[in-house]
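Spelled out from the first residue to the last, the chains are:
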Amino acid sequence: MKNRTFTKEFWGGFLIFVLVIVIICFFPKWFTQAGTPDFSNTGQIGDTIGGIMGPFVAIAAAGLTFLAFWVQYRANEQLREDITVERFESKFYKMLDIHIQNVQKMEVGPKKGVAVFEEFVSLYHKVYKKVSLAADLVIKNSDYIAYRPGEIGYLDFIREYATDEKKLHELINKLAYGYFFYGYNYKIPKNKGCISVFNDKIYDELDANLDLLGRPWFGSGYNNTLGHYYRHLYHTISYIAKMDSGIISEEQKYEYAKMIRGQMSDEEQLLLYYNSLSIPGQNWNKNNKDERRQYVRENMGYIARFRMIKNISNINMICGLNPNDKYAEEIGIWARKYECDFFEQEGR
């Protein structure tokens, strides 16, 4: 929170005012020195000096009055900002409390509270492996190599991902989380294009090979358990990010977000990363990057901007796209510009 009472503008005006007062104080000396106009024919020197200085003194008095109003105006502005911060913090701490309650109320089998995220991560990894196997079958059966680029749109899509390992991993992450979140019958709307066709073919492979992903084990997903949790978490971080930076600085915003992150276990942060790679969670990585401006953390997606996955462990055991690859540019900016490690553990 910035102090708006004594700004650079205030001190600039104050220095000018002091300079004028100092100059006025020298007027009597200047007007009585040899070589200055002779005031002997115009009455007493004191009356003459008083008549000359009177307007300047009045100006000085007006200046003091202005400065008094200036200070009062800035003080009122500061008070309004203080009230805004108090309201923000009041709502923020309520949202933080709701987040904690959301975690405490979670149950998956015998596990409750924060321990459920260990189970969620384990289940997601199983789903990822199954979807990855199905995706390999779809790609193998597509025979995309037999077609030249541009002949068939869907096969161009397959070729694009089949020839880029990082892209393929991110695509499988996106689809696997869909099955994990929504359940076995996860579908992508047709208007999403080739990814919808690809997902349908994965579903067909899963359906034809129940040993890859059995329906009874997979069930209807975990949207009912995790849906409101992620909506509230996203709205809380978004509430912090969208506050006026003139009132709450980026450093202060980071500290508020860090309070949220501090409540999240390693597995909770890892599942957030998987969520951010999915279609329902893609806004976590939505940035305001502009080639005409320097890419700074204020323009990063929320995951990178507030280092929401700073504490995840065993990064090399992560399924699919490695965060070091996903956030390579942001990791470099944090290191060079802010001298901070993107991840807590060394060697990441």
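Up top is the structure these notes are about.
These lines cover the structure that appears in this document, whether it is placed above or below.

The rules behind the values
- Per-chain numbering applies: the sequence of each chain, read as written, is numbered from 1 onward.
- Local features in a predicted model are, by the rule used here, given only for residues with pLDDT of at least 70; side-chain atom pairs are given and counted only at 80 or more, and totals for whole chains, interfaces and linings are based on all residues.
- By convention in this description, side-chain values take in all heavy atoms of the structure and omit both hydrogens and water.
- We call a set of buried residues a nonpolar core when its members are Ala, Val, Leu, Ile, Met, Phe, Trp, Tyr or Cys and they connect through side-chain atoms within 4.5 Å of each other.
- Burial status follows relative accessibility: with a 1.4 Å probe on protein chains alone, a residue under 20% of its type maximum counts as buried, one over 50% as exposed, and anything between as partly exposed.
- By definition in these notes, contact holds between two residues if any of their heavy atoms fall within 4.5 Å.
- Patch construction takes residues with relative accessible area above 30% that form no salt bridge. Like charges are linked within 9 Å, and nonpolar side chains (Val, Leu, Ile, Met, Phe, Trp, Tyr) are linked within 5 Å.
- Reported accessibility uses the Shrake-Rupley method at a 1.4 Å probe radius. Residues are deemed covered only where the shown protein chains occlude them.
- Whenever Lys or Arg places a side-chain nitrogen within 4 Å of a carboxyl oxygen from Asp or Glu, that contact is recorded as a salt bridge.
- Secondary structure counts use DSSP, requiring at least four H or I residues in a row for a helix and at least two E residues in a row for a strand, with both numbered from the N terminus.
- Stacked, tilted and edge-to-face are the three classes assigned to paired rings of Phe, Tyr and Trp, where Trp is represented by its six-membered ring and a pair needs centres within 6.5 Å; plane angles under 30 degrees give stacked, over 60 edge-to-face, the rest tilted.
- Think of a polar contact as two N or O atoms within 3.5 Å of one another; within protein, one of them needs to be a possible hydrogen donor and the other a possible acceptor, and neighboring residues in sequence only count if both atoms come from side chains.
- For a helix, the expected span equals 1.5 Å multiplied by the number of residues minus one.
- Only the stretch in contact is used when a helix axis is fitted, and all axes are lines through C-alpha atoms; the angle between N-to-C directions ranges over 0 to 180 degrees.
- Any angle from 65 to 115 degrees is called roughly perpendicular, while one under 35 is roughly parallel, one over 145 is roughly antiparallel, and all others are oblique.
- If you view the pair so one helix is near and one far, a crossing is left-handed when the near helix is turned anticlockwise from the far one by less than a right angle, and right-handed when it is turned clockwise.
- Each residue is assigned to one of three groups, with Ala, Val, Leu, Ile, Met, Phe, Trp, Tyr, Cys and Pro labelled nonpolar, Asp, Glu, Lys and Arg labelled charged, and all others, Gly among them, labelled polar.

1. Quick notes on the nonpolar core
Reasoning step 1: In this structure, F198, I202 and L226 are the most contacted members of the largest nonpolar core, which totals 84 residues.
Reasoning step 2: Among all residues touching I202, those that are not within four sequence positions of it are V131, A134, A135, V138, L175 and Y179.

2. Digging into a nonpolar patch on the surface
Reasoning step 1: On the surface, W11, F14, L15, V18 and V22 cluster together into a nonpolar patch covering about 430 Å² of accessible area.
Reasoning step 2: Position of W11 relative to the elements: it lies in helix α1 (residues 8-25).

3. Digging into the packing of aromatic side chains
Each pair of aromatic rings is reported with the distance of its centres and the angle of its planes.
Reasoning step 1: Tallying each qualifying case throughout the model produces 33 aromatic pairs.
Reasoning step 2: Where F120 meets Y222, the ring centres are 5.3 Å apart and the plane angle is 70°; that geometry is what we call edge-to-face. In this pair, F120 sits in helix α4 (residues 116-142) while Y222 sits in the loop between α8 (215-218) and α9 (223-241), placing the two residues 102 residues apart along the sequence.
Reasoning step 3: Taking 5.9 Å as the distance between ring centres and 90° as the angle between the ring planes, the aromatic pair formed by Y124 and F180 counts as edge-to-face. Residue Y124 is located in helix α4, and its partner F180 is located in helix α6 (residues 165-182); the two are separated by 56 residues in the primary sequence.
Reasoning step 4: Owing to a relative accessible area of 0%, Y124 belongs among the buried residues under this scheme.

4. Here we look at the pattern of salt bridges
Reasoning step 1: Scanning the entire structure with this criterion turns up 12 salt bridges.
Reasoning step 2: Here K258 and E255 are joined by a salt bridge, their closest N and O atoms 3.3 Å apart. With K258 and E255 both in helix α10 (residues 250-262) and 3 residues apart, this pair spans about one turn of that helix.
Reasoning step 3: A salt bridge links E329 to K289; the shortest N-O distance between them is 2.7 Å. One end of the pair, E329, is in helix α14 (residues 328-337); the other, K289, is in the loop between α11 (266-276) and α12 (302-305), and 40 residues separate them in sequence.

5. Examining the side chain of N322
Reasoning step 1: Mapped onto the elements, N322 comes out in the loop between α12 and α13 (323-326).
Reasoning step 2: Reaching out from N322, the side chain makes a polar contact with the backbone nitrogen of N324 at a distance of 2.8 Å.
Reasoning step 3: Discounting residues that sit within four places of it in the chain, N322 has contacts with Y273, I315 and N316.

6. Notes on α14
Residues spaced three or four apart along an α-helix face the same direction, because each turn holds 3.6 residues.
Reasoning step 1: Regarding α14, the residues found buried are E330, I331, G332, I333 and W334.
Reasoning step 2: Where the residues of α14 are buried, they touch α10, α12 and α13.

7. Observations regarding α4
Reasoning step 1: Helix length check: α4 (27 residues) gives 38 Å between terminal C-alpha atoms against 39 Å at 1.5 Å per residue, within 8%.
Reasoning step 2: Phi turns positive, to about 55°, at D143, one or two residues after α4.

8. Some remarks on the packing of α4 against α11
Reasoning step 1: Contact geometry of α4 with α11 gives a least axis separation of 8 Å together with a crossing angle of 40°. By the angle class used here, α4 and α11 are oblique. In this structure, α4 crosses over α11, and the sense of that crossing is left-handed. Residue-level inspection shows F117, E118, F120, V121, Y124 and H125 of α4 in contact with α11, the latter providing E267, E268, L270, L271 and Y274.
Reasoning step 2: Among the residues making up the contact of α4 with α11, the classes are represented as 7 nonpolar, 1 polar and 3 charged.

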